[in-house]
There are 2 protein chains.
Amino acid sequence: MDFRKITLTEEEMPRQWYNILADIKMNPPLGPDGQPVSPDALSPVFPMNIIEQEVSTERWIDIPEEVLSVYSIWRPAPLVRARGLEKALDTPARIYFKNESLSPPGSHKPNTSVPQAYYNKAFGIERMTTETGAGQWGCALAFACAQFGIECKVFMVRVSFDQKPYRKSMMEVWGGKCVASPSLETRAGRAILEKDPDTPGSLGIAISEAIEAAVGDTSGKTRYSLGSVLNHVMLHQTIIGLEAKKQLEKVEEYPDVIIGCAGGGSNFAGLAFPFVYDKIHGRQIEIYPVEPAACPTLTKAPFVYDHGDTARYTPLLPMHSLGHAFVPPPVHAGGLRYHGMSPTVSQLVDEGLLSPKAVTQNEAMAAGILLARTEGIIPAPETSHALAQVVIEAKKAKEEGKEKVILFNWSGHGLLDLGSYDKYFAGELVDFELSDEAIAEAEAVYADFPKPQHLKSR
Amino acid sequence: MDFRKITLTEEEMPRQWYNILADIKMNPPLGPDGQPVSPDALSPVFPMNIIEQEVSTERWIDIPEEVLSVYSIWRPAPLVRARGLEKALDTPARIYFKNESLSPPGSHKPNTSVPQAYYNKAFGIERMTTETGAGQWGCALAFACAQFGIECKVFMVRVSFDQKPYRKSMMEVWGGKCVASPSLETRAGRAILEKDPDTPGSLGIAISEAIEAAVGDTSGKTRYSLGSVLNHVMLHQTIIGLEAKKQLEKVEEYPDVIIGCAGGGSNFAGLAFPFVYDKIHGRQIEIYPVEPAACPTLTKAPFVYDHGDTARYTPLLPMHSLGHAFVPPPVHAGGLRYHGMSPTVSQLVDEGLLSPKAVTQNEAMAAGILLARTEGIIPAPETSHALAQVVIEAKKAKEEGKEKVILFNWSGHGLLDLGSYDKYFAGELVDFELSDEAIAEAEAVYADFPKPQHLKSR
């Protein structure tokens, strides 16, 4: 029988997250004085229990029971054999994906929003603020906050706010509040609107607004939450890869190629890091983070120190960056419109353990439609960037006649992104090309910042 | 550990559907001459292999391997313990639901669209036509047709077409075509538009158009498909209840109360019929189909012979009916806007085996939001009608101090219905009241038709 899914029971769900900081060397985040930031300095922004996770170098960190219980609403996520795609491409590759689209918010994001809401609640926090690009993260935090009885305020990048109006409705069903960013509610937002009233917004700007809204609450009961980039976010997402490993073991497979789309890096890291561990210890695997050609952080920008946000509220982080003031073109994969990249992912790219790729949004949409028709699930535009690379690899395997095992992450569904599909069918999706001059100009903002060291983990 | 889901492996998925026609007595469908319709007379509308299923009285019917393989994209569906709701209501009831929202189209509908597409393909059919209310069924058929390489044409009730524009996009991603009904493409549609150009449309009208589009194709390669009402549809949906039974056995539970929303009857029947079998054989269970107060087919209309569609293309079916010309008020639960009801469900209501309930759309939405916040999943407005009854039963169990087991069907998610939630929050959702006069007037259309017998199955 040609079944598709390799499932785990709830009892088989991993009980610990994998912390890659135990296995790689990292440049520290730096403060305005150029010195490493102390954990205490972050305490107005994040609760202390999350800061401890952010800096921990323990390899395995226990998942709290309350988090496992909420995870069990949708986890373990199935590992799916992509039989429809294999057949359509007539490829000798065996293709598997983690289906992270089955969570109530529709993406991998609640893997971290749930523990973040839990830890904030445990620390006595009553209100969380955040930013969101395409809206997946804002929805995920609103969902998690509803589970733990916390208020939730979301600053949503304006271009996505306009493209995807029902994301706001979704957050409201879960009791969250959502405004377009830049907004008039923060100094950072007002300053940007004054200069450019028609700005499409960016994740960098929205992060500034959300941090300001948290830190500015004098009651001390509000904290900020980031849906990607940071170490503790990557940590929480590793449940994806840890489950995938167990599932592949059940069918006696091991991946030759691992693929995930990368904006801030979290769904990619979640799938890849448990396998990166194996690669650090000698295993042969190709690992591809895939980004939009319109926002080529890993493929065209250098490894530098830069701010995570436009208003420069965050410490300097060691990462691939197009510059904190860069406003990416308004591609529909809003979740990938980020000038920077997770420091852990950036570190691994810098030392050659990962091989980044870039695809255009039209390539991504074409692959997304092929996958929707063959595997059934309508992918988010972000996910479709990974799918485009999967199609390339599957075709390559056919050309080479190789029985490769390809593993990728289906990070989310596109049911709130159907307007993008309409535009694609109407031939209205533009592939933005960034000129070298535009990139050089964007990158000039960090010319005077300190430079990270090139470290080697193996 | 407070886990939520009771899962089955793909190997544990039922291999046969349960056919209730083996266990109940039914009035036959009648032709224009008042005589029982022969299977052959339906052959321009449905392929013969489906007609055979429609009239079969075999208790168990094998599920083809190709269907099981496509089912395995999302089935077996989890049975979920609604711990969040139980806690929020502080009820002694133990509440379980089948989560049918995890299919790619987001509802229980592909349980039948997949076998229907399979059987049409096997019979050499190249194009299928259908109608859709809220769009769940049209999407389900487009999804299924993509899996088997068949063309798909959908007539979508205008009010839902306007309320839920992305349903059309979704069908197109899967390669389907969708037009608003009434349309100018059929005689039935043109006749209605001539009389009432601003009609919101109805399922009855859309069915007429889809049948006409199928029967009118002189190549003989097109057939019509119905997403509810008919015996073979109820048959395919029983996989829901068969899985639920296996899952409840694993935790040694048996339901005291079973609840499902009912428009044409298929998600309700799918969950309930395998338990109706037990009830016929002496088991004590309360079984509630829940309909909108704005379209009270089971709670206010009699058991009669009536047409399934407005243009009277279908045979006379024995069912509870508000009259084939009745255009239900434009409630957001478009899938429940049907003047009639499955003959099998109607028969069971007539003999007192089921106890129908009706709720308003505002009651439904309030329950839907409570469930979204406690269980995470945003329900379809249709599903929310069942949820309103679940909340009533859970509160009753608390008042009575009874440890009841409540089982309900979460028939679909509401991610394409978020506009309804916006209207609810804005206080703009109207609860339509049907006067007794309006109902009597609607019902006059079948005054001269033959009357069904009151049969008893036990």
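Note: the structure precedes this text.
Looking now at the overall build of chain A. Across its full length, chain A carries 18 helices and 15 strands. Taking 23 Å as the expected radius of gyration for a compact globule of 458 residues, we find that chain A reaches 20 Å, a close match to that expectation. With the principal axes as the frame, chain A shows a C-alpha extent of 60 × 50 × 45 Å. The buried share of chain A, reckoned over its 458 residues, is 67%. In the form shown here, chain A has an accessible surface area of approximately 15,000 Å², with 50% of it arising from carbon and sulfur atoms. Of note, chain A has its 44 positive side-chain charges centred 3 Å away from the centre of its 57 negative side-chain charges.

Before going further, it helps to spend a moment on the relation of the copies chain B and chain A. Mapping chain B onto chain A leaves a residual RMSD of 0.0 Å; the transformation is a rotation of 180° accompanied by 0.0 Å of translation along its axis. Here the symmetry operator amounts to a two-fold rotation axis.

So, about the side chain of Asn111 of chain B. All names here are of chain B. With respect to the helices, strands and loops of the structure, Asn111 is situated in helix α4 (residues 110-122). Taking relative accessible area as the criterion, Asn111 reaches 0% and is therefore assigned buried. Within the structure, the side chain of Asn111 is placed 3.2 Å from the side chain of Glu100, a separation counted as a polar contact. At a separation of 2.9 Å, a polar atom in the side chain of Asn111 contacts the side chain of Gln237. Residues within four places of Asn111 in sequence aside, it is in contact with Tyr71, Trp74, Arg75, Glu100, His236, Gln237, Ile239 and Ile240.

If the charged atoms of two oppositely charged side chains come close together, the side chains can form a pair. Tallied over the full model, the rule gives 40 salt bridges over all chains. Between Lys398 of chain B and Asp90 of chain B there is a salt bridge, with the nearest N and O atoms lying 3.5 Å from each other. Pair noted here: Lys398 of chain B is in helix α16 (residues 381-400) and Asp90 of chain B is in the loop between α3 (83-89) and β5 (94-99), with a separation of 308 residues, a long-range link. Look at Lys398 of chain B and you get partly exposed, because its relative accessible area is 43%. Ionic pairing is found between Arg94 of chain B and Glu253 of chain B, a salt bridge with its closest N-O pair at 2.5 Å. With Arg94 of chain B in strand β5 and Glu253 of chain B in the loop between α11 (239-250) and β10 (257-261), this pair connects stretches of sequence that are 159 residues apart. Residue Arg94 of chain B is classed as partly exposed on the basis of its relative accessible area, which comes to 21%. In this structure, a network of salt bridges that share partners links the residues Arg75, Lys98, Glu100 and Glu243 of chain A.

Glancing now at unusual backbone geometry. That bond from Arg75 of chain A to Pro76 of chain A is cis: its omega, -5°, falls within 30 degrees of zero. Relative to the assigned elements, Pro76 of chain A resides in the loop between α2 (65-71) and β4 (79-81). With omega at 5°, the peptide bond leading from Ser181 of chain B into Pro182 of chain B counts as cis. In this fold, Pro182 of chain B is placed in the loop between β8 (177-181) and α8 (187-195).

For helix α5 (residues 136-148) of chain A, spanning 13 residues, the distance from its first C-alpha to its last is 19 Å, which sits close to the expected 18 Å at 1.5 Å a residue. The buried fraction of α5 of chain A amounts to twelve of the 13 residues, a majority that puts the element mostly inside the structure. Where the residues of α5 of chain A are buried, they touch α2, α4 (110-122), β6 (127-132), β7 (151-157) and α7 (166-173) of chain A together with α15 (361-375) of chain B. Once α5 of chain A finishes, Gly149 of chain A follows within two positions and takes phi at roughly 70°, a positive value.

The full count for this structure, using the stated rule, is zero disulfides over all chains. As a non-bridged cysteine, Cys145 of chain A has Cys152 of chain A as the owner of its nearest cysteine sulfur, 4.3 Å distant.

Right, let's talk about the side chain of His324 of chain B for a bit. Residue and element names in this part refer to chain B. For His324, the location among the structural elements is in the loop between β13 (316-320) and α14 (343-350). Given the relative accessible area of 5%, His324 is considered buried. A distance of 2.7 Å separates the side chain of His324 from the side chain of Asp306, its partner in a polar contact. Apart from residues lying up to four places away in sequence, His324 is in contact with Asp306, His307, Asp309, Thr310, Arg312, His339, Val445 and Phe449.

Moving on: the nonpolar core. Of all hydrophobic cores here, the largest spans 138 residues; its most connected members are Tyr71 of chain A together with Tyr71 of chain B. Beyond its immediate chain neighbours, meaning those up to four positions away, Tyr71 of chain A contacts Met13, Trp17, Ile63, Pro110, Asn111, Val114, Pro115, His236 and Ile239 of chain A.

Here we take up the interface of chain B and chain A. With 47 residues of chain B at the contact, the number on the chain A side is 47 residues. Between chain B and chain A the total buried area reaches about 4,200 Å² when both faces are included, carbon and sulfur atoms providing 59% of it. Applying the counting rule to chain B against chain A returns two salt bridges. A salt bridge links Glu10 of chain B to Lys5 of chain A; the shortest N-O distance between them is 3.1 Å. Scanning the region where chain B abuts chain A turns up 26 residue pairs in polar contact (both at pLDDT 80 or more). If you list the elements that add at least two residues to the side of chain B that touches chain A, you get α2 (65-71), α5 (136-148), α7 (166-173), α15 and α17 (418-425) of chain B. Looking at the side of chain B that touches chain A residue by residue, the class counts come to 25 nonpolar, ten polar and twelve charged.

Attention shifts here to the packing of aromatic side chains. Taken as a whole, this structure holds 27 aromatic pairs over all chains when the rule is applied. For the ring pair Phe46 of chain B and Tyr224 of chain B, a centre distance of 5.7 Å and an interplane angle of 50° mean the geometry is tilted. In this pair, Phe46 of chain B sits in the loop between β2 (16-18) and α1 (48-55) while Tyr224 of chain B sits in strand β9 (residues 222-224), placing the two residues 178 residues apart along the sequence. Neither residue differs from the other here; Phe46 of chain B and Tyr224 of chain B are each classed as buried. Chaining the aromatic ring pairs together yields one cluster made of Tyr71, Trp74, Phe143 and Trp174 of chain A.

Attention now moves to the sheet that holds strand β11 (residues 286-292) of chain B. All names here are of chain B. Across the sheet, which stays open at both edges, the seven strands sit in the order β1-β4-β5-β15-β10-β11-β14 with mixed pairing between neighbours. What marks the edges here is a single partner per strand, and that holds for β1 (5-6) and β14 (357-359). In this structure, strand β4 (residues 79-81) lies alongside β5, joined through three bridges in antiparallel fashion. Residue pairing for β5: Arg81 is matched across the bridge by Tyr96. Across the sheet, α11 touches β1, β4, β5 and β15 (405-410), and the angle it forms with β5 is around 140°. Sitting on the sheet, helix α12 (residues 266-280) touches β5, β10, β11 and β15, and the angle it makes with β10 is about 155°.

All names here are of chain B. Put simply, α11 and α12 touch, their axes get as near as 7 Å, and they point 55° apart. Of the possible angle classes, the one that applies to α11 and α12 is oblique. Residues Ile240, Gly241, Leu242, Ala244, Lys245 and Leu248 of α11 touch α12, and the partners they reach there are Asn267, Gly270, Leu271, Pro274, Phe275 and Asp278. Tallied by class, the residues present in the contact of α11 with α12 amount to seven nonpolar, three polar and two charged.

Moving on, we come to the pairing of strand β13 (residues 316-320) of chain A. Residue and element names in this part refer to chain A. Judged by how many residues are buried, β13 sits mostly within the fold: five of five residues are covered. Where strand β12 (residues 303-307) lies against β13, five bridges are found, and the strand directions are antiparallel. Within the sheet, the bridge partner assigned to Asp306 lies in β13 and is Leu317.

Conventions adopted
- Residues numbered from 1 in each chain as written.
- Chains lettered and ligands numbered in written order.
- Predicted model: local features only at pLDDT ≥ 70, side-chain atom pairs only at ≥ 80, totals over all residues.
- Heavy atoms only, no water.
- Helix = DSSP H or I, 4+ residues; strand = E, 2+ residues; numbered from the N terminus.
- Rg over C-alpha atoms; globule rule 2.2 N^0.38 Å.
- Buried < 20%, exposed > 50% of the residue type's maximum accessible area, 1.4 Å probe, protein only.
- Areas by Shrake-Rupley, 256 points an atom, 1.4 Å probe, with all protein chains shown as cover.
- Lys, Arg positive; Asp, Glu negative; His and termini not counted.
- Charge placed at Lys NZ, Arg CZ, Asp CG, Glu CD.
- Least-squares fit on C-alpha atoms with pLDDT ≥ 70 in both.
- Polar contact = N/O pair within 3.5 Å; in protein donor to acceptor, adjacent residues only side chain to side chain.
- Contact = heavy atoms within 4.5 Å.
- Salt bridge = Lys/Arg side-chain N within 4 Å of Asp/Glu carboxyl O.
- Expected span 1.5 Å × (residues − 1).
- Disulfide = S-S within 2.5 Å.
- Core = buried A, V, L, I, M, F, W, Y, C linked by side-chain atoms within 4.5 Å.
- Buried area = accessible area lost by both parts, 1.4 Å probe.
- Nonpolar A, V, L, I, M, F, W, Y, C, P; charged D, E, K, R; others polar.
- Phe/Tyr/Trp six-rings, centres within 6.5 Å; stacked < 30°, edge-to-face > 60°.
- Pairing = 2+ DSSP bridges.
- Axes fitted to C-alpha atoms, helices over the stretch in contact; angles between N-to-C directions.
- Parallel < 35°, antiparallel > 145°, perpendicular 65-115°, else oblique.

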